[in-house]
Amino acid sequence: MPSQVKSRQLKKLFEKYQAKKAEVGDVQEQFQLEREGMLDDYRILTQQVGVGGWVCGCVGVGVGVGVDVDVGVGVSVGLQTDGFS
């Protein structure tokens, strides 16, 4: 009789183990998807900054504190130039 009790307990514990193992797999999959999404965002932002820096260099606009913009009032290169003229 005691071996049957132990067998049932072992079976219950194994079922709990399997459930937790599946949960870990789901969490890992979700983490991987979120990580890939963040890496995609990083690549896009890095590319945009690189292109933005190239455009700024071509039109003579510096980026940073105390920027002097000498390209004219009607020109927009996608930079915020509040207070500078």
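None of the values given here were measured: they were computed from a predicted structure.

Participant: Looking at this structure, I do not really get the overall build of the protein chain. What am I missing?
Facilitator: Helices and strands together make up the secondary structure of the protein chain, namely 1 helix and 0 strands. Per element, the accessible surface of the protein chain, about 7,700 Å² overall, is 60% carbon and sulfur.

Participant: In this structure, what is going on with the packing of aromatic side chains? I would like to understand it.
Facilitator: Geometrically, a pair of aromatic rings is defined through the distance of the ring centres and the angle of the planes. Following the criterion strictly, the structure yields 1 aromatic pair and no others. Consider the rings of phenylalanine 14 and tyrosine 17, whose centres lie 6.2 Å apart with planes at 35 degrees: the pair is tilted. One end of the pair, phenylalanine 14, and the other, tyrosine 17, are both in helix α1 (residues 2-59), 3 residues apart, so they sit about a helical turn from each other. With a relative accessible area of 46%, tyrosine 17 lands in the partly exposed category.

Participant: Can you walk me through the pattern of salt bridges in this structure?
Facilitator: If you walk through the whole model with that rule in mind, you get 2 salt bridges. A salt bridge links glutamate 23 to lysine 20, with the nearest nitrogen and oxygen atoms 3.7 Å apart. Residue glutamate 23 and its partner lysine 20 are located together in helix α1, separated by 3 residues, close to a single helical turn. You can call lysine 20 exposed: its relative accessible area is 54%. Salt-bridge contacts for aspartate 40 lead to arginine 43; the nearest nitrogen and oxygen are separated by 3.3 Å. Of the two residues, aspartate 40 and arginine 43 both sit in helix α1, 3 residues apart, roughly one turn of that helix.

Participant: What exactly am I supposed to notice about the confidence of the model for the protein chain here?
Facilitator: Note: predicted coordinates in regions of low pLDDT should not be interpreted at a detailed level. Overall, the prediction assigns the protein chain a mean pLDDT of 75, with 59% of residues at 70 or greater. Confidence drops under pLDDT 50 across residues 61-85; counting only partners more than four residues distant or on other chains, this segment forms 16 contacts.

Cut-offs used in this document
Residues numbered from 1 in each chain as written. Predicted model: local features only at pLDDT ≥ 70, side-chain atom pairs only at ≥ 80, totals over all residues. Heavy atoms only, no water. Helix = DSSP H or I, 4+ residues; strand = E, 2+ residues; numbered from the N terminus. Areas by Shrake-Rupley, 256 points an atom, 1.4 Å probe, with all protein chains shown as cover. Phe/Tyr/Trp six-rings, centres within 6.5 Å; stacked < 30°, edge-to-face > 60°. Buried < 20%, exposed > 50% of the residue type's maximum accessible area, 1.4 Å probe, protein only. Salt bridge = Lys/Arg side-chain N within 4 Å of Asp/Glu carboxyl O. pLDDT = per-residue confidence, 0-100. Contact = heavy atoms within 4.5 Å.

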